[in-house]
Every structure is written in C-alpha cells, then in structure tokens.
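Fold and geometry: a report
Below, each chain spelled out in residue letters.
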Amino acid sequence: MAIPLPRTDFVAFIDEAGDFELDVINPDFPVCAQCAVTCTIEEYLSKALPNMLRVKYSFFGNECVVMHGHKIRKKAGPFQILKDDAVFEEFMRAIAWCFKEMDGCLIIAAVDKMKHKAKYVWPEDPLFLCLQFLLERLHDHWRPKLVSGKRLLCVFEKRGDKEDKVTKAHFDKICAGANYRKRVFPFDADFRPKEHNVTGHQYADLAAYAASRFVETKNEDRKDWQAVRGKLRTIGNIYLGHGLKVFPSAK
C-alpha cells in the first residue's frame, strides 16, 4: 500500500538523459544528466502545465501525447508529423516558447562518464553523483521557504523497480546528510511512470537531453540548448555551478 504523501506548495519534477553505466560507456552518449524542473504548485498550474497542453492540442489534437524526447528526435509514433521540416521548425519554436514562459527554474547535474572513469581509480556511481548535486542545489534554492514544516516533493519518472529502489536508497541517504554540507533535506520522493503523462517530467526529459549534449559538445548554438538555457537557476547571472553542475569540473 502506497504511503500518502504530504501536501506541499513546492515541487521538483526529475528525469534523466543517458544511462548511469560505467562498465560499458556508449561513446555516442558519454554524458548522463538529471534535470529537475522546480517551481511552486501554483506556478506549475498557471503556466507550465496549460502551455504544454496548448502545444499538444495545437499539433496533435489531444493531450494524451507524451512529449518524449527520444521519439521526437526519431520522429516516431505521433511525432511522424515532424518529418515535414516546416512543421518541425514550428514545433520546436512552440517547445522553446513553453520553456521561456514557464515559471520556476531548471537545475541540472551532468557527469561526463569517460572523464570521470579516467580521473578516479574508484569512481563514484554517476547516479549518486547526479542526484547529490541535484538535491544540494534544490536545497539551496528552496531552503529559505522550507520553514515551519514545509517540504519539497521530488517526483521522479519511474525507470523500473530495481532502478527506482536504488534511486530511493540514494535519495534517502543524501537527504539524511550524505551531502556537501551534511544537512538534512526536508524532501519527499514519489515515482510516476511515463504512462501517467506528467507534464513536469516532459519538460525535464527535454531539458536533460539538451544539457547532456551541450556538456558533451560545448555547442552553445544548439537550438535545444538555447531553448532551455534561459531557465537555468542562476546566481549573479551565472548558471554554471548553480543551475548546471558538470562533473568532473573543467580546469
């Protein structure tokens, strides 16, 4: 029986790009990333959710389509309409508009697995690293508002029972104090399958892929990166280290 989740004003939708495998690294996709789309519930309901629904009805005539980055890139299933270059360009402008208009921010952690494996004799699990970096920045972002018992709900997209069990164990460990400042994070975790069509996960999916490719290529001109870069969490207009954490850090 599922444990009831507390009501909250604050949410983070978390999804990833790539895999966290270190034994065999795909040279075509060497960077893994986790992305959190984080905002208040009211912000989510007022902008991010209805804007994405508007795009779905505009292009597909219904809200049942899941904006899955892989299928969009393959132009498979309902995304076959994107084989028309003009439609594809219009669609990408619509997605960029969704990111531009959404309230809240993006926090992304990325690990270059090849560099990580080459640098350390006993490299840390990339999943643990991404999640630690992500949760630390989520705590920095929300800490002033997480008072008087308020908590942040972290909604993960399910990857499978085994994978989710590992993620939850890492989550509990990090929130209990296995983080840079040894703080306890007032966070709760929930896991939802892709079939639930959670709009927040679809933003996170698209942004995680864009970030992973940017970290790999350093190409600032990628359209997908340009669409999401402006929503990264910043401090003093700087997003590196705050909205985008890359590991190992470039020297």
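Below you will find a few notes about this structure. Keep in mind that this is a model prediction, so the values were computed, not measured.

Following both chains from N to C, one finds helix α1 (residues 41-60) and helix α7 (residues 199-217) inclined at 75°, their axes separated by 10 Å at the closest point. Classed by the angle they form, the pair α1 and α7 counts as roughly perpendicular. Across the interface between the two elements, Tyr44, Ala48, Leu49, Asn51, Met52 and Lys56 from α1 touch Thr199, Gly200, Gln202 and Tyr203 from α7. Partitioning the contact of α1 with α7 into residue classes produces five nonpolar, four polar and one charged.

Now for the pairing of strand β1 (residues 10-17). For β1, the buried fraction is high: eight of the eight residues fall into the buried class. What you see with β1 is no split at all: Phe10, Ala12, Ile14 and Glu16 on one side and Val11, Phe13, Asp15 and Ala17 on the other are buried throughout. The pairing of β1 with strand β2 (residues 31-40) spans eight bridges and is antiparallel. Note that in β2 the partner of aspartate 15 across the bridge is cysteine 35.

Counting across every chain of the model gives 16 aromatic pairs. With 4.8 Å between their ring centres and 50° between their planes, phenylalanine 10 and tryptophan 142 make a pair best called tilted. Taken as a pair, phenylalanine 10 in strand β1 and tryptophan 142 in helix α5 (residues 126-142) lie far apart in primary sequence, 132 residues in all. The exposure classification of phenylalanine 10 matches that of tryptophan 142, with both residues buried. Within the aromatic cluster, the residues linked to one another by ring pairs are Phe59, Phe60, Phe79 and Phe91.

Below, the discussion takes up the pattern of salt bridges. Summed over all chains, the structure comprises 15 salt bridges. With a shortest N-O distance of 3.9 Å, lysine 47 and aspartate 103 are connected by a salt bridge. Here aspartate 103 lies in the loop between α3 (85-101) and β3 (105-112) and lysine 47 lies in helix α1, a separation of 56 residues in the sequence. Given a relative accessible area of 27%, aspartate 103 falls into the partly exposed group. With its nearest N and O atoms 3.4 Å apart, the salt bridge here joins aspartate 140 to arginine 181. In this pair, aspartate 140 is assigned in helix α5 and arginine 181 in the loop between α6 (161-175) and β5 (187-192), connecting sequence segments 41 residues apart. For arginine 181, a relative accessible area of 47% translates into the label partly exposed. Residues joined by salt bridges that share partners form a network here, namely Lys158, Asp161 and Asp164.

Let's shift gears to the environment of arginine 159. Along the chain, arginine 159 turns up in the loop between β4 (152-157) and α6. Relative accessible area serves as the criterion here: at 32%, arginine 159 is assigned to the partly exposed category. Taking the C-alpha atoms as reference points, arginine 159 and proline 193, separated by 34 residues in sequence, lie 7.6 Å from one another. Those residues within four positions of arginine 159 in sequence are excluded, and the remaining contacts are Glu16, Phe20, Leu127, Asp164 and Thr167.

Glancing now at the packing of α3 against α7. The N-to-C vectors of α3 and α7 enclose an angle of 105°; their axes lie 12 Å apart at closest approach. Looking at the two axes, α3 sits roughly perpendicular to α7. Side by side, α3 and α7 meet where Ile95, Cys98 and Phe99 of the first sit next to Tyr203, Leu206 and Ala207 of the second. Taken together, the residues of the contact of α3 with α7 break down into six nonpolar, no polar and no charged.

For the rest of this paragraph, the subject is the sheet that holds β3. A sheet is described by the order of its strands in space; here six strands give the open sequence β5-β4-β1-β2-β3-β6, paired in mixed fashion. The sheet terminates laterally at β5 and β6 (244-247), the two strands that pair on one side only. Averaged over all neighbouring strand pairs, the angle between strand axes comes to 20°, with direction disregarded. Pairing between β2 and β3: eight bridges, direction antiparallel. Bridging across to β3, alanine 33 finds its partner in alanine 110. Where α6 meets the sheet, its contacts fall on β4 and β5, and the angle it forms with β5 comes to roughly 170°.

What counts, and where the lines are drawn
Residues numbered from 1 in each chain as written. Predicted model: local features only at pLDDT ≥ 70, side-chain atom pairs only at ≥ 80, totals over all residues. Heavy atoms only, no water. Axes fitted to C-alpha atoms, helices over the stretch in contact; angles between N-to-C directions. Helix = DSSP H or I, 4+ residues; strand = E, 2+ residues; numbered from the N terminus. Parallel < 35°, antiparallel > 145°, perpendicular 65-115°, else oblique. Contact = heavy atoms within 4.5 Å. Nonpolar A, V, L, I, M, F, W, Y, C, P; charged D, E, K, R; others polar. Buried < 20%, exposed > 50% of the residue type's maximum accessible area, 1.4 Å probe, protein only. Pairing = 2+ DSSP bridges. Phe/Tyr/Trp six-rings, centres within 6.5 Å; stacked < 30°, edge-to-face > 60°. Salt bridge = Lys/Arg side-chain N within 4 Å of Asp/Glu carboxyl O.

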